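As a plain string of letters, each chain reads:
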Number of protein chains: 4
Amino acid sequence: MPRKLRWGMVGGGESSQIGGAHRIGAGLDGEYRFAAGALDINPERGRNYAMRMGIAASRSYGDWRQMLERESRLATSERLDLVTVATPNATHYEIAKSFLEAGFDVLCEKPLTTDLESAEDLVETARRADRILAVNYGYSGYPMVRHARAMVEAGDLGGIRVVVAEFAHGSHAAAADADNPRVRWRYDPLQAGASSALADTGLHAIHMACFVTGRKVSRVSADFASCVEGRELEDDAAVALRFAGGEVGRIWASAIAVGQQHGLTLRAFGARGGLRWSQEQPNQLFWTPLGEATRVLERGDASLSPAAARASRITVGHVEGMLGAFGNIYLDLAEILRARADGRDPDPLATGYPTGEDGLHTLAVIDAAVRSARKDGTWVDV
Amino acid sequence: MPRKLRWGMVGGGESSQIGGAHRIGAGLDGEYRFAAGALDINPERGRNYAMRMGIAASRSYGDWRQMLERESRLATSERLDLVTVATPNATHYEIAKSFLEAGFDVLCEKPLTTDLESAEDLVETARRADRILAVNYGYSGYPMVRHARAMVEAGDLGGIRVVVAEFAHGSHAAAADADNPRVRWRYDPLQAGASSALADTGLHAIHMACFVTGRKVSRVSADFASCVEGRELEDDAAVALRFAGGEVGRIWASAIAVGQQHGLTLRAFGARGGLRWSQEQPNQLFWTPLGEATRVLERGDASLSPAAARASRITVGHVEGMLGAFGNIYLDLAEILRARADGRDPDPLATGYPTGEDGLHTLAVIDAAVRSARKDGTWVDV
Amino acid sequence: MPRKLRWGMVGGGESSQIGGAHRIGAGLDGEYRFAAGALDINPERGRNYAMRMGIAASRSYGDWRQMLERESRLATSERLDLVTVATPNATHYEIAKSFLEAGFDVLCEKPLTTDLESAEDLVETARRADRILAVNYGYSGYPMVRHARAMVEAGDLGGIRVVVAEFAHGSHAAAADADNPRVRWRYDPLQAGASSALADTGLHAIHMACFVTGRKVSRVSADFASCVEGRELEDDAAVALRFAGGEVGRIWASAIAVGQQHGLTLRAFGARGGLRWSQEQPNQLFWTPLGEATRVLERGDASLSPAAARASRITVGHVEGMLGAFGNIYLDLAEILRARADGRDPDPLATGYPTGEDGLHTLAVIDAAVRSARKDGTWVDV
Amino acid sequence: MPRKLRWGMVGGGESSQIGGAHRIGAGLDGEYRFAAGALDINPERGRNYAMRMGIAASRSYGDWRQMLERESRLATSERLDLVTVATPNATHYEIAKSFLEAGFDVLCEKPLTTDLESAEDLVETARRADRILAVNYGYSGYPMVRHARAMVEAGDLGGIRVVVAEFAHGSHAAAADADNPRVRWRYDPLQAGASSALADTGLHAIHMACFVTGRKVSRVSADFASCVEGRELEDDAAVALRFAGGEVGRIWASAIAVGQQHGLTLRAFGARGGLRWSQEQPNQLFWTPLGEATRVLERGDASLSPAAARASRITVGHVEGMLGAFGNIYLDLAEILRARADGRDPDPLATGYPTGEDGLHTLAVIDAAVRSARKDGTWVDV
């Protein structure tokens, strides 16, 4: 049997939501063994949790620097194949950069960094080190999102005209949240940077629009609003944009949309047809060829693209969810890592995972949107 | 029994879609008798069709001027109670103004006029003549839209924060439409004015946002795009806006959204809850009180507001559609007309029909959006 | 212009729900004039209401016998073209029979009668008198139901295998309803006959199954349950059945299904595909060709059958509801009546309205179901 | 850290769908280590696949008897904590019985056995051996199914009146399937036993009805139909039933319902409210308190029952699917196993997994349904 890949994580400890999703996602297909971790800002809590997760005591670290130092010295046969960085946003840059420079392949939680310059530097670092830098835009792992991209690529939609992407939820709608420390920091520029709703959830919508259409954004006009009193950063944002080929984009992000549980949706309209997908019903993709009836495409159906088939684990009619989507990012990376080790080309279907460049591009769009919003909605180049 | 109101129509002849909807809507509750009409640009065809619709030969006119002249001379006992103007947009102003000045009450199809100045003059004309000038934003007649407005008015949503309204369909998506004369004129500034998608369907979205929230728009930032080659006017438009109280609005209008059959939806988010309504499923209103589960409110349910109850004709669980919504505008006007004749105050529930002022305001928003789109998205006051 | 048809109604007065629906339905397309009526069991109230509805005083009757007598003596030029019977179920037989024998064409509310023998006699009476006897299974008037029938007829589904029809609502679920006089009579055999839920709403499900597939039921096995204490008749019923060609049917009717507002749905599965329709979303028909993706067929779409097109009044994407469906029954009958008057064959598309024979067949199925339920579910021939 | 539980599987090899779901489900929460397996009828293929799955060569068996023999002799410290039986149905009995008698705890795929007597014996065997015998009705692991059961238990629905459960798909609708060996055996009594559609998918519907309501079925009336030519066993079945407390049940199972991808749905109606759940949208539960608006309950919402919370891994708004549901059965068993090892009472929330008794009861219902169907739908006691 092929050996299990050795996987490590920085952050993602007991109190972290996303850490659990990474562990499950990485473990889903039996490709990885959880081999090392510095899982918590509190060293003892982190070590204990790592050991409870089955990591050897010697590789259960209290601190990411210690982990970096010791793991760097391990023999090839023990060396980590992939390190996931799932720490608070502001620390992504330093940690990811350190591991890349030490020769590790890295999957970084989104956002890649909290400012554009460091994101550029990180991408450049990965390029110089010739290491993988992936960014966990996990929704891109959904089978029907992969299928949507395959359809666009195959020309089924014809030339893309308009892409509409939303990520609008109501989790920060309570006025009392202005005082809730778990929410408050998100609207404080000192802690959260120059954007809140757009940078937190809107970036998924932006990435999804780029991922499915295979296009980059070239310029934007943005409107930010702080609707709950006392917030300095936006809790609602709309962005009009143009892709490089002149295609039109409409983005809406909100944290105060009461009644929307999650709210990530994508619609893409081309000269030959239109697509519609929603994260809350991810196993269906609604496809309307121009002038014909809408079709309900089902995950798992035999007629779907190889890209969708590869990302599915169970038969049509059942439901695959977010953990499967996360798992698909890890599955892609496993193939990339194994192919490199084997000196062969990876399965082309595995090369579509979101890269550091994608993470950088999304941040550049948000950076441009911030500048536009500050300049009264003027169009700003990305 | 109360006498039937005498109703006349200009335009809305055999080849007109909207004419049939007016006839059915006006006839739905037995309040009106179709008494006079100049229904077609072709005099003979118009007279014949009017007679086939049951109008007396003497009041089946070949021409609106003739209709105006003769109807103006009729005795009070025969005089039209209401004149609907359902002619091509560019003629609304002259016809509506003429009838208003002759003392008739007028229901004008949307858009009220094709430019702001004439709309202002028309509203002023109605004011001077002390006549009704209503504009047929028919979607405001849906029972659950009335209920949504009642909920906002009652404070159920708390302070409104964000309103998201869309009217995006795919009817003009075929590239061949660039040459289709029935579509082409809509994208020709000489025939359609300064805006196409926003002025054609987007104005319903704008009106709906104003109608439900009871607010006026104060400033806008717009982005227009012409996606199908050869079009001078926009077939896709996004507008960011602020209402007078600082509330935020997001509007999207499109004519190239393949797969969307109609596409009018409204979402309103306040400090205490959120609402969601779609024209394609008009008998349900989705209501989420802050921190609670979403409720599915059903047209016809005994617990709904009097405003919704008054606009419903059949029991809960059945479906009422667009013709009922149209009928509700006519029902409102019937009550206003009868109350005036009786020298009494009308039922307050009947006073919410869309007025000339509403039509003017919507056009002013579109005018501002056109100016903003031309100025690179700069915010423009309405 | 063709003259308006003269229409009369027995029952359907002010306190009647269904009466309003008939008036609107009959008036929808301008085919009928409401010319005579005996609308209420209370003579004075009935006459007053008829006059308020615009009927001449001389034809506003206090009593159906009086109406029958006087209307029978009118000259051909004044004679009623169609009489609707919308009185309590137990009186349908006597009234409809009397009008048929006097030479009137009759549209009878459902159920045709309250027992099988009288239904047979009524159908025979109509045959002898050579008059129309239609029964108001109004849901058959929905455009997409007409389209479903056209698809089956055209062989799109191949041989029908299984039809699943439900009509299950929760309107009689409150235990207190056992004492509510407006509900109690429905579960009293002396007032309601031998079946309640199945005879009240289930018969629509049965008719729908027959209407869409063009098949008759040949035998049934039924299970009746009285779930709310104190009820003698069933408030929940399931029927397994076979159509004449051996096709399988599954019927469920309930009055205690809390959360279902209306609950009429139809699914039909054949060798070449499957269909799904729901009264609460009547403008869509879900069609799955064997081995392909499900299509969402939309009312108003240009590609639909002539039968669907004829039953539609407004463009695709808008919503048509129950009043339009009712109107389609009246529209069919108008064509039949006019064709007979003109001595020509009627438009074949108008010949699909539910007939007395259909009403009789549905009652025969229910009669057989009652017998089966009493015999422990044994299969019983219809 | 608590040690990982040692898990083994019989069957579930490379060509098995369900095997993958078990491996992922068992691995989801890090509770189990895949320690031993006899995964394939082909010894070499089975051993190779087991090793590829990370099982030691010494515990990668070519044959379940060999596995049983060797694993039985291992020291307590190496002994398997749980053995999953995922072999063809006809072999469940012998394999599960052998492992139970050797003192292993067993999770058996459904159906427990292919005849009632062996199921009774298996349950009795587990009782005598004092071992766990669980049966993998995986849909009972969905968080909102757990919540539905908690609501019924808490009395939210009041007394249950009617339960409607369906599992109807279209996977065997192609007439050509009559000759397809992968389908044909399912309709051959020699290979599949006395029932096909009902025993294959209908048993999930029956179990779901029992699981959510906490009731046992006492008698049934069934109708079986073989719709595709050449089939001896039913491909469509309807069952009317009564639970022990007199509550009513309606079951529909089909394999020829073209257009239904999966088709498992449950509706439960009580004196105080109604519930609706569908496997294809498993993260929502629709709850209608009597006389109030329907609520959309969302998986992950903080207000849900502890039973639902325990079965959820990610936050509200995201999608959890079938693999999570499978994982919840394994999670329950892990708690039961650990509690027994620790000599403490297990978390009561973990005691709701489907037991051998549940599997036996479902088979008894199907057995009774077969007898009823053969006796013309006569009611038969379970």
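Cut-off values and rules
- Residues numbered from 1 in each chain as written.
- Chains lettered and ligands numbered in written order.
- Predicted model: local features only at pLDDT ≥ 70, side-chain atom pairs only at ≥ 80, totals over all residues.
- Pairing = 2+ DSSP bridges.
- Helix = DSSP H or I, 4+ residues; strand = E, 2+ residues; numbered from the N terminus.
- Axes fitted to C-alpha atoms, helices over the stretch in contact; angles between N-to-C directions.
- Buried ≥ 20, exposed ≤ 12 C-beta atoms within 10 Å, placed from the backbone.
- Arc of directions from axis to C-beta.
- Contact = placed C-beta atoms within 7 Å.
- Least-squares fit on C-alpha atoms with pLDDT ≥ 70 in both.
- pLDDT = per-residue confidence, 0-100.
- Expected span 1.5 Å × (residues − 1).
- Bend = angle between axes of the 7 residues up to and from the residue.
- Nonpolar A, V, L, I, M, F, W, Y, C, P; charged D, E, K, R; others polar.
- Domains from an automatic or database assignment.
- Left-handed = near helix turned anticlockwise from the far one by under 90°.
- Parallel < 35°, antiparallel > 145°, perpendicular 65-115°, else oblique.
- Core = buried A, V, L, I, M, F, W, Y, C linked by C-beta atoms within 7 Å.
- Right-handed = clockwise from strand over helix to strand, strands pointing away.

### Points about the sheet that holds strand β3 (residues 82–86) of chain D
Residue and element names in this part refer to chain D.
Alright, step 1. Taking strand neighbours across the sheet as the criterion, the five strands line up as β2-β1-β3-β4-β5 in an open arrangement whose pairing is parallel. Unpaired on one side and paired on the other, β2 (32–38) and β5 (133–135) mark the two borders of the sheet. On average, each strand axis in the sheet is inclined to that of its neighbour by 25°, with strand direction left out of account.
Alright, step 2. Strand direction decides the pairing type here: β3 and strand β4 (residues 106–108), joined by three bridges, are parallel.

### Regarding helix α3 (residues 64–72) of chain C
Residue and element names in this part refer to chain C.
Alright, step 1. Among the residues of α3, those classed as buried are W64, M67, L68 and E71. On an axial view of α3, the arc spanned by its buried residues comes to 100°, and they lie on one face.
Alright, step 2. Turning to α3, the residues buried within the fold contact β1 (5–11), β2 (32–38) and α4 (92–101).

### Notes on the relation of the copies chain C and chain D
Alright, step 1. At an RMSD of 0.0 Å, chain C and chain D line up after a rotation of 180° and a shift of 0.0 Å along the axis. Both chain copies can therefore be described as sitting about a two-fold axis.

### A few points about the confidence of the model for chain A
Note: predicted coordinates in regions of low pLDDT should not be interpreted at a detailed level.
Alright, step 1. With 100% of its residues at a pLDDT of at least 70, chain A reaches an overall mean of 96.
Alright, step 2. ipTM for the predicted complex: 0.95, alongside a pTM of 0.97.

### Some remarks on helix α9 (residues 197–213) of chain A
All names here are of chain A.
Alright, step 1. Over its 17 residues, α9 runs 23 Å from end to end, which matches the ideal 24 Å to within 8%, given 1.5 Å per residue.
Alright, step 2. Of all bends in α9, the biggest is about 45°, found at L203.
Alright, step 3. Counting buried residues along α9, 17 of its 17 residues qualify, which places the element largely inside the surrounding structure.
Alright, step 4. Just past α9, the residue G214 takes up positive phi, approximately 70°.

### Focus: the sheet that holds strand β4 (residues 106–108) of chain B
All names here are of chain B.
Alright, step 1. On the basis of which strands lie adjacent, the open sheet formed by five strands has the order β2-β1-β3-β4-β5 and parallel pairing. Lying at the two open borders of the sheet, with one neighbouring strand each, are β2 (32–38) and β5 (133–135). Between one strand and the next, the sheet's axes are offset by a mean angle of 25°, whatever the strand orientation.

### Points about the interface of chain C and chain D
Alright, step 1. With 36 residues of chain C in contact, the opposing surface of chain D contributes 36 residues.
Alright, step 2. Where the side of chain C that touches chain D is concerned, the elements lending two or more residues are β6 (160–168), β7 (217–225), β8 (236–243), β9 (248–254), β11 (273–278) and β12 (284–289) of chain C.
Alright, step 3. Of all the elements, β9(C) adds the most residues to the side of chain C that touches chain D, at four residues.
Alright, step 4. Here the residues of the side of chain C that touches chain D sort into 19 nonpolar, eleven polar and six charged.

### A few points about the domain arrangement of chain A
Alright, step 1. Looking at chain A, the domain boundaries give domain 1 (5–135) and domain 2 (142–314 + 360–381).
Alright, step 2. In this assembly, nine residues from domain 1 of chain A lie in contact with seven residues from domain 2 of chain A.

### Concerning the packing of helix α1 (residues 17–27) of chain C against helix α11 (residues 322–342) of chain C
All names here are of chain C.
Alright, step 1. With their axes 7 Å apart at the nearest point, α1 and α11 run at an angle of 65° to one another. Once α1 is placed against α11, the crossing between them reads as right-handed. On α11, the residues touching A21, H22, I24, G25 and A26 of α1 are M322, L323, F326, G327, I329 and Y330.
Alright, step 2. For the contact of α1 with α11, the class distribution of residues is eight nonpolar, three polar and no charged.

### Description of the packing of helix α5 (residues 116–129) of chain C against helix α12 (residues 356–374) of chain C
Residue and element names in this part refer to chain C.
Alright, step 1. Their axes nearest at 9 Å, the elements α5 and α12 cross at an angle of 165°. Classed by the angle they form, the pair α5 and α12 counts as roughly antiparallel. You can see that α5 and α12 cross each other, and the crossing is left-handed. In this structure, α5 contributes L116, A119, E120, L122, V123 and A126 to the contact, and α12 contributes G356, E357, G359, L360, L363, A364 and D367.
Alright, step 2. Class assignment of the residues belonging to the contact of α5 with α12 gives a composition of eight nonpolar, two polar and three charged.

### Concerning the interface of chain A and chain B
As a measure of interface size, the accessible area lost when the parts come together is often cited.
Alright, step 1. On the chain B side, the residues contacting the 36 residues of chain A number 36 residues.
Alright, step 2. Of all the secondary structure elements, the ones that give two or more residues to the side of chain A that touches chain B are β6 (160–168), β7 (217–225), β8 (236–243), β9 (248–254), β11 (273–278) and β12 (284–289) of chain A.
Alright, step 3. The dominant element in the side of chain A that touches chain B, judged by the number of residues it contributes, is β9(A), at four residues.
Alright, step 4. Across the side of chain A that touches chain B, the residue classes tally to 19 nonpolar, eleven polar and six charged.

### Concerning the pairing of strand β10 (residues 264–270) of chain A
Residues and elements named next belong to chain A.
Alright, step 1. The buried fraction of β10 amounts to seven of the seven residues, a majority that puts the element mostly inside the structure.
Alright, step 2. Burial along β10 is two-sided: L264, L266, A268 and G270 and T265, R267 and F269, pointing in opposite directions, are all buried.
Alright, step 3. One ladder, built from seven bridges, connects β6 with β10; its direction is antiparallel. Residue pairing for β10: I160 is matched across the bridge by G270.
Alright, step 4. The loop that links β10 with its antiparallel partner β11 comprises two residues.

### With respect to the environment of N283(C)
Alright, step 1. With respect to the helices and strands, N283(C) occurs in the loop between β11 and β12.
Alright, step 2. When sequence neighbours within four positions are dropped, the list of residues in contact with N283(C) reads M144(C), E298(C), R299(C), V319(C) and E320(C).

### A word on the relation of the copies chain A and chain B
Alright, step 1. Superposition record for chain A on chain B: RMSD 0.0 Å, screw rotation 180°, translation along axis 0.0 Å.
Alright, step 2. Comparing contact sets, 100% of the residues at the interface of chain A also lie at the interface in chain B, consistent with an isologous, same-surface contact.

### Looking at unusual backbone geometry
Alright, step 1. Residue P111(A) is bonded to the preceding K110(A) through a cis peptide linkage, with omega at -5°.
Alright, step 2. With respect to the secondary-structure elements, P111(A) resides in the loop between β4 (106–108) and α5 (116–129).
Alright, step 3. Notably, D130(B) is not glycine yet its phi reads approximately 55°, a positive angle.
Alright, step 4. Mapped onto the elements of the fold, D130(B) is located in the loop between α5 (116–129) and β5.
Alright, step 5. Despite not being glycine, D376(C) has its phi angle at roughly 65°, a positive value.
Alright, step 6. The residue D376(C) is located in the loop between α12 and β14 (380–381) in this model.
Alright, step 7. On the basis of neighbour counts, which here come to 13 C-beta atoms within 10 Å, the residue D376(C) falls in the partly exposed class.

### A closer look at the nonpolar core
Buried together is how nonpolar side chains tend to be arranged in soluble globular proteins.
Alright, step 1. Within the largest apolar cluster, 520 residues are counted, with the highest numbers of intra-cluster contacts made by V106(A), V106(B), V106(C), V220(C) and V106(D).
Alright, step 2. Filtering out sequence-adjacent residues up to four positions away, V106(A) remains in contact with V83(A), V85(A), A96(A), F99(A), L100(A), R131(A), I132(A) and L133(A).

### What to know about the environment of G324(D)
All names here are of chain D.
Alright, step 1. Checked against the element boundaries, G324 lands in helix α11 (residues 322–342).
Alright, step 2. The buried category is assigned to G324, around which 30 C-beta atoms lie within 10 Å.
Alright, step 3. Along the chain, G324 and V370 lie 46 residues apart, while their C-alpha atoms are 33 Å from each other.

### Overview of the environment of R33(C)
Residue and element names in this part refer to chain C.
Alright, step 1. Tracing the sequence through the fold places R33 in strand β2.
Alright, step 2. A count of 17 C-beta atoms within 10 Å places R33 in the partly exposed class.
Alright, step 3. Distance in space between the C-alpha atoms of R33 and A369 is 40 Å, their sequence separation being 336 residues.

### Remarks on the pairing of strand β3 (residues 82–86) of chain A
All names here are of chain A.
Alright, step 1. Across the five residues of β3, five count as buried, placing the element largely inside the fold.
Alright, step 2. As judged from the five bridges shared by strand β1 (residues 5–11) and β3, these two strands associate in the parallel manner. What sits directly across from W7, in β3, is L82.
Alright, step 3. Remark: the β3/helix α4 (residues 92–101)/β4 crossover connection has right-handed handedness.

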